[in-house]
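# Geometric and topological summary
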Amino acid sequence: MIRSFHSTLGARVALSLCAISVAVFCLPVRNGGRASASTGTGRDPEVLAYASPVEILFSPDGGRLYVLCQGTNEVRVLDARSYTPIKNVPVGHIPRGFSLSNDGKRLFVANTWDDAVSVIDTSSLDVVATWPVAAEPSSVVEDREGKHLFVANRISNDVAVLDAQTGAEEKRLAAGRGASYITPAPDGTKLYVTHIYPNPAKQPTPGGNRVPPESEITVIDAARAVVVDRMPLHRIAHSFHTAFSADGRLGVTANLHPKNLVPLAHLEHSGAFADTITLFGLDVGKPVELPLDELERYAVRPFGVAISPDKAHIYITCEGSEIVTVIDVARALRFIHTQAGPYVQDLSASANYVAARIEVGHDPRGVTFTPDGRNLLVANRLDDTIDIIDTSTNRTLRTIPLAGPKPISVLRHGEQAFYTARYSFQGQIGCANCHIDSTFDGMTWDLEPDGFGRDIVDNRPIEDLKDTEPYKWNGGNPNLPTECGPRTEKYFWRSENYDSLTLTDLVAYVRSLPSRPNRWRLAGGELTPAQDRGKALFERTQDKFGKPIPESNRCIFCHSGPKGTSQKSFDVGTKKATDNSGLLDTPQLTNIAITSPYLHDGSARTLEEIWTVYNPEDKHGRTNDLTKDELNDLIEYLRTR
Amino acid sequence: MNQKYAIALIVAALAFSAPALIAQPHGDAHSHPASASATKVSAVPGMPKFRFENFTTANGLPDNHVFSVLVDGDRIWAGTENGLAVYENHGWKTYTPADGLAHRAVLSLALDKRTGDVWAGTMGGLSRISSGRIDSFTQLNSGLSNDVVYGVSVEGEHVWVATAAGACMLDLHTNQWTLYNERNTPMNEIWVYAVSATPTKVYYAVWGSGLLEYDQKTGRWDKYDDPDGETEMVLFKDQGLIHEIVTSVSYIEKDNIVWAATYFGDSRYDGRYWHNFLTKDSGLPSNFTNTIKAVDANRAWFGTDKGLAYYDGANWAVYRPSLTTGKPEMTVRDARGKLTPIAVATAPAHNYVLGIDFQGSDIWVATAKGLSHGILQP
């Protein structure tokens, strides 16, 4: 089955001929319904509730298929033979991961925006409990004995250990940054945790945090509920799902390997990312990173992974390329055992082990085998479909549509444009490569074609962007159409331009991205005593010696307004020798607690370093009169923004 | 800080940074793993005898100046002047700043028993060692009050820290740091040497400001001082803390007993009565006590500049290289004050003792010239 983005686009053009300007969409998608958006355009004004399936799994008896639908906040239960709906089970806000208990009687769902786990009784298909966990739970797994439930928390960077019967949290294990996906080994003794953000740099880098990323797979002893190993993932920034062969001898993790130390202008030399998998286990020996890309045939953003029951093939969903990449395991093992690595920079390597590239829908995510092991199911998040692939022919047998709106709304089309890689040169990257799950990547980049190592920039988050223009650290782009259009096309994609309709929809989507809940704010908006003291410091007009602080040197002057930006540029004394200018756009403060590193070049690894290291002359606000207690208070307040 | 304190503080600082200068001269014939068997001389009933095996740079330790020791099951962590060493599977592995350790000099250690993470207080910040990964917190990159971390103790999701510029607590759930100093506690001086944290109470040993108690339930602070005031004279024995310069504290929560060490003697407090320990009227080998480690309400170990001491509630035993000959010695002082030398073939690596921890019935001792493993003898 061949899908064409442009055929979809053609349909959209027919639906949207009256598009004349950028729409302003701010409404969240409502669960199970339709809501009108405020827009001054004549185009489809509706925000539609798409299912957006992200994960799928079969019941132990193979009779049901559970589909985790992030867009409608529910688990859809389908008959596994006919794929007809049995029941939709509402869960929490923006669910990201789910799994069955070992006896199959309970289905656990991690709800990212509610910081909660929903427990579904699989006989009644009702939510029977909702357990609070830490910040942004993204994956949940029960141990073999049914004693503990392990929950990966993306924002608090840990794995919570809960009593599997009561949900009471017993402890949290330190994971890597952005802990998101937990996979048990086949024998259940170990759990493997992957992370969507790189770990913080260990050492300060006065030159501008120009370091390659380092990540890890955190290995947990399930019985003892302690971390027993951390497999280093060198130069890998983002890791997604892991899978094991049935015999447990082969493990595979999907990775995104950025090349952030060379200007992104070198996209034509495959200079942006390598899309890779890491193989590990007894069949492999020392873990090996293998590229999936091939010249002009990239496998952008590997996400979901499955190994066939006979261990002959590995299947990897590639979000941006909208394909499933199939690896011949025997050839891959032969390759790594006979060819000396490293292989990541070698675009010819994948020809040695990639057996097929199967086109699927928009933003393919979770994968699973049918109980008989013959077919592979793929959840296409941005199509609301599930592709069924015959693994003997590597052809799509059937596409199961999930119930929901059929028209492609402006936001949906914009989101598809955001996640696809097909606009960039040779289809190498998409917006979501750096804005992982429409957020940020925790990285600094050498973006501009102005020489190696010049103008290193921190990647700013894109949530709640409305009224924060201009964009770029130098404030060079006055609005989102410029930022997403000519700038992206010229500097990043180096390929075809968006048509005006797609650009309009893309901008509408980006502008619609809401801010996730702030975990440091108390309910009701009250401040803790430390936050309250910090707010007073943020707003102060005199220093501790009673001297007036010049207006331009007060925190609240530049970081004014509800989003903490005056939308003006200032020189705060952070210009490096490698920077072309010290005049910098004032960044918004939205959810600043979670978006490290900081400053325009990411040189401050923590909020504290902004002032303890990079503000020696008080140009970035008057702060050098503060005691350590007071600086801590100021930071506690900033975390509430 | 008055002049008297300033002088004492300098002396202590010298002792801490260069303990060999203060320690008594001794031979080093016993500084290698002991090979001699235990002697047959019987000790005073109940007083343990040990065969000491000593680790130095000669057998893998990164430095002979060992500030702290931590038992973690079969693993032994040693905080040395030149890295954090862990003894596992009969070999030493050393973590240094190149691995992410905040500083090479590791002053204090604590184990998070729930997670297995080890926390190390160093001369340059606080480090968490979690299955090989080291995360370091400093006064520049975090809310840590000061980079010189003399003490650390983990209780639940809270990491309590004693630094050269106040105390602080890191909440592992919120990542919030709370600082405790002269502005929000009865802490007159802010040079905090040690901490002992439990779910009910947290005790801080403050250099020149007595013993601070934090009630976890009420959030209130209390302070225990030397009733004699700022003096080295003991006018009111057993009426309170023996001295304001408190170097170490060990709290037994189940018995509500706190043991406190100072450079001028030691104290035990049961919530109502104080008992002071001085060389002149106990078996304590020196009033200059670096560390104290309680076993329970009645028993405790003392690390002094003149040897390792054990108190069982009535009798004392001192283990050390002889102050005159350097030969291993064990001396028992019974409740009546009678001294009995016990013939032994081994002793701790040095008599300047900085750290103590227990491994079942064995004891591990950090000294100025090596790490010692005391293996209980039948």
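## Remarks on the overall build of chain B
Secondary structure summary: chain B contains two helices and 30 strands in total. A burial count over chain B gives 56% of its 378 residues as buried.

## Re the overall build of chain A
Counting its secondary structure elements, chain A contains 10 helices and 34 strands. For chain A, whose C-alpha radius of gyration is 24 Å, the value lies close to the compact-globule estimate of 26 Å for 641 residues. On the principal axes, the C-alpha backbone points of chain A span a range of 75 × 55 × 55 Å. Residues counted as buried form 54% of the 641 residues belonging to chain A.

## Some details on the confidence of the model for chain A
Here chain A averages 90 in pLDDT, while 92% of its residues score no lower than 70. Note on residues 1–42 of chain A: pLDDT is under 50 here. Beyond four places in sequence and across chains, it has 75 contacts.

## Description of the pairing of strand β11 (residues 158–163) of chain B
All names here are of chain B. Extensive coverage of β11 is indicated by the burial of five of its six residues. Across six bridges, strand β10 (residues 149–155) lies against β11 in antiparallel orientation. Note that in β11 the partner of Val154 across the bridge is Val159. Where β11 lies against strand β12 (residues 166–171), six bridges are found, and the strand directions are antiparallel. In the strand pairing of β12, Val159 is matched with Leu170. Remark: two residues form the turn of the hairpin made by β11 and β12, two consecutive strands paired antiparallel.

## Regarding the pairing of strand β11 (residues 137–142) of chain A
Residues and elements named next belong to chain A. Along β11, six of the six residues are buried, which leaves the element largely enclosed by surrounding structure. Bridge analysis of β11 against strand β12 (residues 148–153) gives five bridges, and the strand direction is antiparallel. The residue of β12 that forms the bridge with Val140 is Val151. Taken together, β11 and the strand that follows it, β12, pair antiparallel across an intervening segment of five residues, in which Gly146 is found at a positive phi of about 70°.

## Digging into the interface of chain A and chain B
Counting residues at the interface gives 21 residues for chain A, matched by 21 residues for chain B. When contributions to the side of chain A that touches chain B are tallied by element, the ones reaching two or more residues are β14 (169–174), β18 (226–234), α9 (607–612) and α10 (628–638) of chain A. By residue number, the principal contributor to the side of chain A that touches chain B is β18 of chain A, which donates five residues. Its residues assigned to classes, the side of chain A that touches chain B comprises six nonpolar, three polar and 12 charged.

## Looking at the domain arrangement of chain A
Considered domain by domain, chain A is made up of domain 1 (94–307 + 322–355) and domain 2 (523–638). On a C-alpha basis, the centroid separation for the pair domain 1 of chain A and domain 2 of chain A is 35 Å.

## Comments concerning the nonpolar core
In this structure, Val75, Val151 and Val159 of chain A are the most contacted members of the largest nonpolar core, which totals 146 residues. Looking at this core, the element that brings in the most residues is helix α6 (residues 500–512) of chain A, giving six residues. Filtering out sequence-adjacent residues up to four positions away, Val151 of chain A remains in contact with Ala110, Val117, Val133, Pro137, Val140, Val159, Ala160 and Leu162 of chain A. By size, the runner-up hydrophobic cluster in this structure holds 110 residues, among which are Trp177, Val202, Val246 and Val318 of chain B.

## Focus: the sheet that holds strand β24 (residues 313–318) of chain A
All names here are of chain A. Here four strands make up an open sheet; going across it, the order is β23-β24-β25-β26 and the pairing antiparallel. Lying at the two open borders of the sheet, with one neighbouring strand each, are β23 (302–307) and β26 (354–359). For this sheet, the mean angle separating the axes of adjacent strands, direction not counted, is 20°. Note: β23 against β24, four bridges, orientation antiparallel. Counterpart to Pro302 in the pairing with β24 is Cys318. Sitting on the sheet, helix α2 (residues 329–338) is in contact with β24 and β25 (323–328), with an inclination near 65° to β25.

## So, unusual backbone geometry
Residue and element names in this part refer to chain A. At the junction of Glu469 and Pro470, the peptide bond is cis and its omega measures out at 10° in the coordinates. For Pro470, the position within the fold is in the loop between β32 (456–458) and α5 (480–493). In this structure, Pro597 follows Ser596 across a cis peptide bond, with omega equal to 5°. When you line up the elements, Pro597 lands in the loop between β34 (583–585) and α9. The residue Arg301 is not glycine, and still its phi comes out positive at about 55°. Mapped onto the elements, Arg301 comes out in the loop between β22 (285–291) and β23.

## Here's the deal with the sheet that holds strand β13 (residues 158–163) of chain A
Residues and elements named next belong to chain A. Taken together, four strands build an open sheet; the order of strands is β11-β12-β13-β14 and the sheet is antiparallel. The two strands at the open ends of the sheet, each matched to only one other strand, are β11 and β14. Sheet twist, expressed as the average angle between the axes of neighbouring strands with direction ignored, equals 20°. Here β13 pairs with β14 via five bridges, running antiparallel. Bridge pairing in β14 places Asp158 opposite Ala174.

## Brief notes about the environment of Ser99 of chain A
For Ser99 of chain A, the position within the fold is in strand β7 (residues 95–100). Along the chain, Ser99 of chain A and Thr574 of chain A lie 475 residues apart, while their C-alpha atoms are 47 Å from each other.

So, how was this worked out
Numbers given for residues are sequential positions, taken from 1 along each chain in its written order. For this description, chains carry letters from A and ligands carry numbers from 1, given in the order in which they are written. Reporting in this predicted model follows two pLDDT cut-offs: at least 70 for local features of residues, and 80 or more for side-chain atom pairs to be given and counted; totals over whole chains, interfaces and linings ignore these cut-offs and use all residues. Think of it this way: any DSSP run of H or I at least four residues long counts as a helix, any run of E at least two long counts as a strand, and we number them from the N terminus. Exposed residues have 12 or fewer other C-beta atoms within 10 Å of their own C-beta, buried residues have 20 or more, and residues in between are partly exposed; the C-beta atoms are placed from the backbone. We take the radius of gyration over the C-alpha atoms and set the globule estimate at 2.2 Å times the residue count to the 0.38 power. For every residue, the predictor reports its confidence as pLDDT, a number between 0 and 100. A pair of residues counts as a contact when their C-beta atoms, built from backbone coordinates, are within 7 Å of each other. What makes two strands pair is DSSP finding at least two bridges between them. Three categories are distinguished: nonpolar for Ala, Val, Leu, Ile, Met, Phe, Trp, Tyr, Cys and Pro, charged for Asp, Glu, Lys and Arg, and polar for the others, with Gly belonging to the last. Each domain's limits were defined by an automated method or a database of domain assignments. Only buried residues count toward a nonpolar core: Ala, Val, Leu, Ile, Met, Phe, Trp, Tyr and Cys, linked into one set through C-beta atoms within 7 Å. With axes taken as lines fitted to C-alpha atoms, and helix axes fitted only over the stretch in contact, angles between N-to-C directions fall between 0 and 180 degrees.

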